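Working through the structure, step by step
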Amino acid sequence: MSDSLTAQQLLRIRSKLETVVAEQPDTRAATTAQAALQRMRSGEYGYCIECGDEISAARLAAKPEVEICVDCQALKDEEEDA
C-alpha cells in the first residue's frame, strides 16, 4: 500500500469508497469503488496498475477510486484522442 498516505487519510478514503458502494449499488461508481477497496485489502492500493509507480496522495484524495497514475492517464487519454 502506498506509503505517502497517512492512516487517517486511508480511513477517510476507505469510508468514501464504502459509502459509494452502499449508496450507489449496481453502478459503475460502485464497481470502481469496490475494486479500489479490493486493492486496499490486497495491499496494492495507491500503486498504478499499469506501471506500478506510486499514485500521488493528492490524486487519491481527489479520486479515491483511481487505479492509474497521472502519467499513465495522460498516455491513455492521448491514445483515445488518436
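Residues numbered from 1 in each chain as written. Predicted model: local features only at pLDDT ≥ 70, side-chain atom pairs only at ≥ 80, totals over all residues. Heavy atoms only, no water.

**Examining the overall build of the protein chain**
When helices and strands are tallied, the protein chain shows four helices and zero strands. Along the protein chain, from the amino end to the carboxyl end, the secondary structure elements read α-α-α-α. Its C-alpha atoms give the protein chain a radius of gyration of 13 Å, near enough to 12 Å, the size a compact globule of 82 residues would have. Viewed in the frame of its principal axes, the protein chain has a C-alpha envelope of about 35 × 30 × 20 Å. Taken over 82 residues, the protein chain has a buried fraction of 27%. Long-range pairs, those at least 24 residues apart, make up 42% of the contacts in the protein chain with a sequence separation of at least 6. (Helix = DSSP H or I, 4+ residues; strand = E, 2+ residues; numbered from the N terminus. Rg over C-alpha atoms; globule rule 2.2 N^0.38 Å. Buried < 20%, exposed > 50% of the residue type's maximum accessible area, 1.4 Å probe, protein only. Contact = heavy atoms within 4.5 Å.)

**A look at the environment of Ser 56**
Relative to the assigned elements, Ser 56 resides in the loop between helix H2 (28-42) and helix H3 (57-62). Among the residues examined, Ser 56 registers a relative accessible area of 38% and is labelled partly exposed. Sequence separation between Ser 56 and Cys 72 is 16 residues; the distance between their C-alpha atoms is 13 Å.

**Some remarks on unusual backbone geometry**
Of note, Asp 26 is a non-glycine position whose phi angle comes to about 60 degrees, a positive value. By secondary structure assignment, the location of Asp 26 is in the loop between helix H1 (7-23) and H2. Asp 26 sits in the exposed class, given a relative accessible area of 82%.

**Quick word on a negative patch on the surface**
A cluster of acidic side chains, namely Glu 50, Asp 77, Glu 78, Glu 79, Glu 80 and Asp 81, defines a negative patch on the protein surface. With respect to the element layout, Asp 77 can be found in helix H4 (residues 70-81). (Patch = residues over 30% accessible without salt bridge, like charges linked within 9 Å, V, L, I, M, F, W, Y side chains within 5 Å. Areas by Shrake-Rupley, 256 points an atom, 1.4 Å probe, with all protein chains shown as cover. Salt bridge = Lys/Arg side-chain N within 4 Å of Asp/Glu carboxyl O. Lys, Arg positive; Asp, Glu negative; His and termini not counted. Charge placed at Lys NZ, Arg CZ, Asp CG, Glu CD.)

**Digging into the layout of surface pockets**
As a volume, the largest pocket reaches approximately 350 Å³. Lining the largest pocket are 14 residues, and of these Arg 28, Val 66, Glu 67, Gln 73 and Lys 76 sit closest to its centre. Mapped onto the lining of the largest pocket, the elements with two or more residues apiece are H2 and H4. Taken together, the residues of the lining of the largest pocket sort by class into four nonpolar, two polar and eight charged. (1 Å grid on protein atoms, 1.4 Å probe; cavity = no way out; pocket = protein on both sides within 12 Å on 5 of 7 lines; lining within 4 Å. Points joined across faces, edges and corners; volume = space filled by probe spheres on them. Nonpolar A, V, L, I, M, F, W, Y, C, P; charged D, E, K, R; others polar.)

**A word on the pattern of salt bridges**
For the structure on display, the rule yields two salt bridges. Across the pair Arg 14 and Glu 18 runs a salt bridge, and its minimum N-O distance is 3.0 Å. Taken together, the positions of Arg 14 and Glu 18, both in helix H1 and four residues apart, correspond to about one turn of that helix. Of the residues examined, Arg 14 reaches a relative accessible area of 43% and is grouped as partly exposed.

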